[in-house]
Amino acid sequence: MSICVECGEFELFYVLACGDSAVGESNVLLYAGEELTALNQEIRDMDAAFGALDRAKVEGDPETVIEAQDHLAKMLEGYVRPTERLPDKHLVQAYSIRGKKWTRIRSDKMRNHWRSYKIDTSLLQAQTGAAGTSELDRGKLRQAFTSVRDKIKSDLSDGITYKQQIAKGEASGSITDVWDANWLKWVDAVNDSLSYSASGAHFDLSAGAQLMRGYAGFGVQLGYDPKKGAYSLKGNAEARAILGEAKATFNGYFVDRDGWHALIDLSEQDASEAGTQARLDFGYFRFNATVSANAMLGASVYATAGLEFKTEPAGKVLVKPSAADSKGEVAAGLFAGLEAGGSVKGAFEWYNPGLVEAGGVVESPKWAAFVSVGATVAVNAGAGLEGVLKITYENGKFMFRCEARAVLGVGAKGGLLGEVNFAKILEFIKYIYCQLKDNDFAFLRFVAEDAWQALVQVTISLITEGSIALEAALEPIRSANAAEDFARKVKARPSALIFAAPEAKGAILYKLSERYLFSFEEHQEAAILTVVGTMQSQREWAQVVERITVTGMKSSAAAGYARLRAVLDGGSARKFEALVRAINSLPTNTMLAGEPVHVRNVA
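Definitions and cut-offs
Residues numbered from 1 in each chain as written. Predicted model: local features only at pLDDT ≥ 70, side-chain atom pairs only at ≥ 80, totals over all residues. Heavy atoms only, no water. Helix = DSSP H or I, 4+ residues; strand = E, 2+ residues; numbered from the N terminus. Buried < 20%, exposed > 50% of the residue type's maximum accessible area, 1.4 Å probe, protein only. Contact = heavy atoms within 4.5 Å. Areas by Shrake-Rupley, 256 points an atom, 1.4 Å probe, with all protein chains shown as cover. Core = buried A, V, L, I, M, F, W, Y, C linked by side-chain atoms within 4.5 Å. 1 Å grid on protein atoms, 1.4 Å probe; cavity = no way out; pocket = protein on both sides within 12 Å on 5 of 7 lines; lining within 4 Å. Points joined across faces, edges and corners; volume = space filled by probe spheres on them. Nonpolar A, V, L, I, M, F, W, Y, C, P; charged D, E, K, R; others polar. Phe/Tyr/Trp six-rings, centres within 6.5 Å; stacked < 30°, edge-to-face > 60°. Lys NZ or Arg CZ within 6 Å of the ring centre and 35° of its normal. Pairing = 2+ DSSP bridges. Salt bridge = Lys/Arg side-chain N within 4 Å of Asp/Glu carboxyl O. Axes fitted to C-alpha atoms, helices over the stretch in contact; angles between N-to-C directions.

Colleague: How should the overall build of the protein chain be read in this particular structure?
Modeller: Counting its regular elements, the protein chain contains 19 helices and 23 strands. Residues counted as buried form 54% of the 603 residues belonging to the protein chain. Looking at the protein chain alone, contacts between residues at least 24 apart form 69% of all its contacts between residues at least 6 apart. With an accessible surface of roughly 24900 Å², the protein chain has 48% of that area assigned to carbon and sulfur atoms.

Colleague: How should I be thinking about the nonpolar core in this particular structure?
Modeller: Nonpolar side chains in soluble globular proteins tend to end up buried together. Core analysis: the largest hydrophobic core is formed by 124 residues, its most contacted members being Tyr215, Phe309 and Trp541. Considering each element in turn, this core owes the most residues, nine residues, to helix α11 (residues 449-465). Within the second largest apolar cluster, 41 residues are counted, among which are Leu156, Trp186, Leu194 and Ala207.

Colleague: What exactly am I supposed to notice about the layout of surface pockets here?
Modeller: If a probe the size of a water molecule is rolled over the atoms, the empty space left behind becomes visible. Approximately 1400 Å³ is the volume found for the largest pocket. Lining the largest pocket are 42 residues, and of these Val65, Tyr253, Phe254, Val255 and Ala305 lie nearest its centre. Elements represented by at least two residues in the lining of the largest pocket include exactly α1 (33-59), α2 (62-75), β11 (247-254), β13 (279-294), α7 (295-303) and β14 (306-311). The residue makeup of the lining of the largest pocket, split by class, is 22 nonpolar, 10 polar and 10 charged.

Colleague: Got a minute to help me understand the packing of aromatic side chains in this structure?
Modeller: Both the distance between ring centres and the angle between the ring planes are used here to describe each pair of aromatic rings. Using the criterion set out here, one finds 25 aromatic pairs in the structure. A centroid spacing of 5.4 Å and a plane angle of 55° characterise the contact between Phe348 and Phe400, whose relative ring orientation is tilted. In this pair, Phe348 sits in strand β16 (residues 341-352) while Phe400 sits in strand β21 (residues 397-403), placing the two residues 52 residues apart along the sequence. Relative accessible area serves as the criterion here: at 0%, Phe348 is assigned to the buried category. Connected via pairs of aromatic rings, a cluster forms that spans Phe254, Phe285, Phe287, Phe309, Phe348, Trp350, Phe370, Tyr393, Phe398, Phe400, Phe428 and Tyr431. In this structure, Lys89 is placed above the aromatic ring of Tyr79, and the distance from its NZ or CZ to the ring centre is 4.5 Å.

Colleague: Before we go on, may I ask you to explain empty space enclosed by the protein in this structure?
Modeller: Under the definition given, this model contains six cavities of 30 Å³ or more. One number sums up the size of the largest cavity: a volume of about 70 Å³. Gly283, Tyr351, Pro353, Asp438 and Gly594 are, among the 10 residues lining the largest cavity, the residues nearest its centre. Of the residues forming the lining of the largest cavity, the biggest block, three residues, is contributed by helix α10 (residues 425-438). A breakdown of the residues in the lining of the largest cavity according to their chemical character gives six nonpolar, three polar and one charged.

Colleague: Just checking my understanding: could you explain the pairing of β14 for this structure?
Modeller: Both faces of the sheet carry side chains from a regular strand, because those side chains alternate between them. When β14 meets strand β15 (residues 317-322), the two strands line up antiparallel, connected through six bridges. Its bridge partner lying in β15, Gly306 is registered against Ser322. As judged from the three bridges shared by β14 and strand β22 (residues 412-420), these two strands associate in the parallel manner. For Phe309, the partnering residue across the bridge sits in β22 and is Gly414.

Colleague: Looking at this model, I keep getting lost on the pattern of salt bridges. Mind explaining?
Modeller: When the charged atoms of two side chains lie near each other, side chains of opposite charge can form a pair. Inspection of every chain in the model, using the stated rule, returns 18 salt bridges. Of the charged contacts, one joins Asp20 and Arg111 as a salt bridge, the two residues approaching to 2.5 Å between their closest N and O atoms. Here the residue Asp20 occupies a position in the loop between β2 (10-15) and β3 (27-32), and Arg111 occupies one in the loop between β5 (101-106) and β6 (115-118), the gap between them amounting to 91 residues. Taking the relative accessible area as the measure of exposure, Asp20 reaches 4% and is therefore buried. The class of Arg111 is partly exposed, set by a relative accessible area of 40%.

Colleague: Would you mind showing me how to read the sheet that holds strand β4 (residues 91-96) here?
Modeller: The strands making up a sheet are joined through hydrogen bonds of the backbone, oriented either antiparallel or parallel. Read from one edge to the other, the open sheet built from five strands follows the order β5-β4-β2-β3-β6, with strand pairing classed as antiparallel. A single partner strand is all that each edge strand has here, and the edge strands are β5 and β6. On average, each strand axis in the sheet is tilted by 35° relative to the strand beside it, whichever way the strands run. Pairing between β2 and β4: three bridges, direction antiparallel. Opposite Phe13, over in β4, you have Ser96 as the bridge partner. Contacts between α1 and the sheet are confined to β2, β3, β4 and β5, with β5 contributing the most and set at about 95° to the helix.

So, in structure tokens, the structure goes:
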């Protein structure tokens, strides 16, 4: 069988790195005849499998995505060894010289090549160039490719035989010119990607790096101007970092942008102080995350349905692949043994159901961030988690620990640690209040007692000072003028008041009900009505009225009523009794999760 060289019935592939000795590292391989037909079929098969996964991700149906991931994992079974840099079998990222594109080929499918031409492997090590950035030596690589080109041209002229097939003919100037231009396209692309990174960047040729590029979409044509950065990739990753250093950055919502309704059964203890619920409603969560991973770990993020999070003692969050319960086990199994790595940063967001006042929407429902994840923290980040969620107060910070699956849903595993930044403290107060509203207005057992006390003081401080000054929050008011000034601030009904916990509202009512000689307490009486008017249910009022004490600690409802009625008189007293009657018509206990907070202008 004769191969027509002028007709292009042969192809050259440059394999940069392969652990299969029959393929080798930094070799230009020539294929023709039946061997090229078989290799092209392999390329089509792999492109179809990767393409199906790409399409499934665009369509966004989780079941279809997992099915495509598992199908591809079955094709790659035996070709992924997470702990080996270049195993004897792996997915090879080979560059098609004539096709000007990266191909995805299983290594053992490349063994039947007609000829192999060596390129010095040292030329694939990035060096620091004149500009101070890492790059491949384009000039030396060009010389090496020119030498190989001349050898191939000579061999074709003499005739190359393989299994009773022959490729013989003249490689004209037009053919060799295409080789010269196309060989260097990937060099320019790699150098552009390396210059994008900091000095010291390296060109990763490991099997994991090649696999990640395969998942990232480097089966596409490279006929572009690399200086314009015209890459086509999926997953919101930086294409240049993937091509050079095999570093991927994934930005998005985990597990899903629509969030996860965290309804968590508590089997060992009552969900609430009142003991009327078998589980807690934590509200709707989602994780707005940036995951940075490279090589094999980066490939696993593309390839699997879930992530397992691991929080280190200093607060850094690492990831590793996982299935989503029983779904996606085939794909997750492909990366068995892979250690957690990379980094995760972002924020927990909760679905704030909004605020309604007198029938009008004051604050529309929205997703809002309130917990930062992945930052270094000066606390015992490695402390064990008690239950599925725990909020603590450590070194002046509110810390948020949770089981990932319970809070984020199927597909998330491991544990996460987050910090409530004081810039988000009001959002945190709103979140806690809505959990109270949705859970009987009972003490939330997932909040540590010292954290609860700090939250009460923070809330009062925001109301009285407009800032956080915990040491002054519970100090008594010492004059009539100061009491009236405090009352004016409460009457303005700041958000912190509306969303204050029962202990905070009780302590505020105690301050407002202080009596002073020669004071008419007009503003104080109006402010008391303002606080009482923020009640959401009978249960909330019952919790507040028995906490009208200096610190908001529990006393008795009788003592609370007596203290308020002693300061209220005339019209204020009548309005108060009317307000109490209105509260008695409110829902008895828990309201439906997701219901907005209502402020009634009964006062």
